[in-house]
Structures are given as structure tokens and as C-alpha cells.
Amino acid sequence: MLKKITGIFAALVLCLSMAACNSQKDKSLEANNIDSSSKINVVVSFNPMKELAEAIGGDKIQMSVMVPSGVEAHDFEPKPRDMEALNKAKVFVYNGLGMEGWVDGALKSVNNKSLELVDASKGANLIKIEKHEEEHKENSKEVHGEYDPHIWLSIKEVKIQAKNIKEALIKVDEKNKDYYESNYNSFISKADDLFKEYETKFNSIANKNFVTGHAAFGYLCRDFNLSQNSVEDVFAEGEATAVKIKDLVEYCKKNNIKTIFMEEMASPKVSETLAKEVGAKVEVINTLENEGDYLETMKQNYEKIYNSLK
Ligand SMILES: [Zn+2]
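Every chain's residues receive numbers from 1 upward, in the order its sequence appears when written. Restriction of local features to residues with pLDDT of at least 70 applies here, the model being predicted, together with a cutoff of 80 or more for giving and counting side-chain atom pairs; totals for whole chains, interfaces and linings are based on all residues. Side-chain numbers here rest on the full set of heavy atoms in the structure, without hydrogens or water.

Enquirer: Would you explain empty space enclosed by the protein in this entry?
Expert: The gaps left among the atoms become clear once a water-sized probe is rolled over them. Cavities and pockets are found on a 1 Å grid laid over the protein atoms alone: a cavity is a set of points where a 1.4 Å probe fits but cannot escape, a pocket is an open set with protein on both sides within 12 Å along at least five of seven lines, and a lining residue has an atom within 4 Å of such a point. Grid points are joined across faces, edges and corners, and a volume is the space filled by probe spheres set on the points. Throughout the structure, instances matching the rule amount to 1 cavity of 30 Å³ or more. Roughly 40 Å³ of volume is contained in the largest cavity. Along the walls of the largest cavity sit Asn207, Asn209, Phe210, Asn256, Ile257, Lys258, Thr259, Ser308 and Leu309, which together make up its complete lining. For the lining of the largest cavity, the secondary structure elements donating two or more residues are strand 5 (209-214) and helix 12 (294-309). In the lining of the largest cavity, the residues fall into 3 nonpolar, 5 polar and 1 charged. Helix numbering and strand numbering both begin at the N terminus, where a helix is a DSSP run of H or I of at least 4 residues and a strand a DSSP run of E of at least 2. In the scheme used here, Gly and all other residues not listed as nonpolar or charged are polar, with Ala, Val, Leu, Ile, Met, Phe, Trp, Tyr, Cys and Pro taken as nonpolar and Asp, Glu, Lys and Arg as charged.

Below, the structure is given as C-alpha cells:
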């Protein structure tokens, strides 16, 4: 009997090791998740955190994303299944800075003492929200932080976020340290290359002003010495009043704005009206709040902004 079990075990081990060798060729084995139990269970708040965690955690982690695609990240509220995921997770990554207004409340009701919390904004170089927007904030029903939360739209700051995520993964999964370090280094090196390419491009043009749907690009502007004006504020709030639109029209005319950027979920109608009024075209820009591969999407955003300015 024992011999038989040993025999079965040996056959199983052989099968598994063959499966591991063949995993590149046979994707169906991956779908069966042979080693899913050994993967680190990571919950992330929304898409940019998913992209970063994926870049560093690779196939050593399995991930669930709280804010579903198509939901405005600023307005999300967690569901019971999200709490369930947090109870089972090893690591929870969130952007911080009030981007996830629900996070403190959610963490209070989580029953998971060993959950490793990653406030990915820790150590980032922050931009304080301008005073007129703070005033507006007091009128809004949600309470936001005093800093602009869109740090993931800066490659400089996203490198800090990636580092925070890498360190948390190493902390809970020390044995795969080299793997995480190597993925992190490769991400940073690609990010640096992309940054340098567009630093040169943006430096070469005199025109620095662009107009967008909601004021998500403060950090991107700081990185490249650009300046944004927008229909909605930092938190995708603020009504597009007649006065606001009139101001924007004047701004566009004065700055010779040829393109109005628009996000799918931030006042597309207003962007279109504005574009018509000043004879500009409308172009979609992606804040990654819902979807998009990080470096690829940032490159597209950079290129679109660059083309609108040159
Ligand atoms: Zn936003």
C-alpha cells in the first residue's frame, strides 16, 4: 500500500515538474492554476495599482481589483464581496491621499490582522490642492484630502509607488525577493526611458497649456513644465457653470488651444460643447482610473498632449 502511494506520489511529482517545464507551451495548465495556493493574494483598490502590482508581482501574485472597470474611481463604495476579499488577502494596495475616500471605513471593518497595508503614496512628492478648490471641497458631500491624489499620472511619483509595492511584496514573500527586485528594476528602467524621451520632446516646444475634462494631470504638468486647465476639478466634481465655460472659452482662445482632452467619464458633453465653441477637436485621454496598461497608456497620453502642443 505504502509502496503504491509512494509510486503515485512520484508519478505526481513527475507530472508536476513536467507541467512546470511545459508551462510556456501549454497555457491551459496555467488556467488550471496548479500552484495558485502558493501565490500571494493581493487586493488593489483600482486600476493604476493593479498595473503596478502586476508589473512587480508578475505570476507570484493573484490579484483582485476593487473598483470595477466603468465605475468612476472617485465615487466608488465597497461591496460585501470586496470586504470578503480583504479578509482573505495578504496585501492591500491603495493609492492614498483621499483617492479612495472609502478606505479608512473599509479597513475598520476588516477582520484580518495580518493584512499588509500599502499606502502607495508614502514618500511621494505631493502637490497641495489650490485654495479655490479647497473651498469648493467644503461644499461637496465627500471629504477629500488636502493633496492632489493623481500621483500615478507622474512617472517620477509612480516610481515611488512601485517601490512601496515592491517592499510590501518582499516583506510578505521574502523567498521571491530577487524576482520582485528584478521586475521592479525592469519597470523602472522602462519608465525612465519613457520619461527622458518626452522630457526632451516637451522641452523643445514653447506652447505649454492644455485643457482637459478633470484636473488629473497636475503631477504630469509638474514633471514636464506644462499647465492644465479643466472643466471639472481634481475630484471630478464642480459643475460646469456658464461662467466656468465662458472662462474656459477665453482661456482656449488666448492660448490657441487646438485640442480639448476628454475622459470618458468626466463631462464629455461639456468638452464637446467647449471644443465646438473654440473650433478645437476633442481627443480622449486616459487617466488609467479604469483601464490601460501603465507604460503604454502613459506613452499614448504623452504623445497626444505633445501633438496638441506642437
Ligand atoms: Zn481623477
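Enquirer: Would you take a moment to explain the sheet that holds strand 2 (residues 61-65) for this structure?
Expert: The strands that make up a sheet are held in pairs by hydrogen bonds between backbone atoms, and each pair lies either parallel or antiparallel. The rule for pairing is simple: two strands pair if DSSP sees at least two bridges between them. The strand order 2-1-3-4 describes an open sheet built from 4 strands, whose pairing is parallel. This sheet does not close on itself; its edge strands, each paired only once, are strand 2 and strand 4 (116-119). If you compare each strand with its neighbour and ignore which way they point, the axes differ by 20° on average. Two strands pair when backbone bridges link them, and strand 1 (residues 40-44) and strand 3 (residues 91-94) are joined in this way by 3 bridges, in the parallel orientation. Looking at the pairing, Val43 lines up with Phe92 of strand 3. The axes used here are C-alpha line fits, helices contributing only the stretch in contact, and every angle between their N-to-C directions lies in the interval 0 to 180 degrees.

Enquirer: Looking at this structure, how should I read helix 4 (residues 80-88)?
Expert: Because an α-helix completes one turn every 3.6 residues, residues spaced three or four positions apart along the sequence face the same direction. Residue burial is assigned from relative accessible area. The probe radius is 1.4 Å, only protein chains are included, and a residue is buried under 20% of its type maximum, exposed over 50%, and partly exposed in between. Buried residues of helix 4: Asp82, Met83 and Leu86, and no others. An end-on view of helix 4 places all buried positions within 100° of arc, on one side of the element. In helix 4, the exposed positions angled more than 90 degrees off the buried face are occupied by Pro80, Arg81 and Lys88. This arc is taken over the directions from the axis of the helix to the C-beta atoms.

Enquirer: Just to check I follow, could you spell out the nonpolar core for this structure?
Expert: Taken as a class, soluble globular proteins show a tendency for nonpolar side chains to be buried jointly. Formed by 65 residues in total, the largest nonpolar core has its most connected members in Phe92, Val93, Phe202, Leu226, Tyr302 and Ile305. For this core, the leading source of residues is helix 8 (residues 177-203), giving 9 residues. With residues up to four places along the chain from it excluded, the contact list for Phe92 reads Val43, Val44, Ser45, Met66, Leu86, Trp102, Val103, Leu107, Leu115, Glu116, Leu117 and Val118. Here, nonpolar core means buried Ala, Val, Leu, Ile, Met, Phe, Trp, Tyr and Cys residues that are tied together by side-chain atoms lying within 4.5 Å of each other. Counting residues in hydrophobic clusters, the runner-up holds 13 residues, among them Val211, Val249, Leu274 and Ala280. Contacts: residue pairs with any heavy atoms within 4.5 Å of one another.

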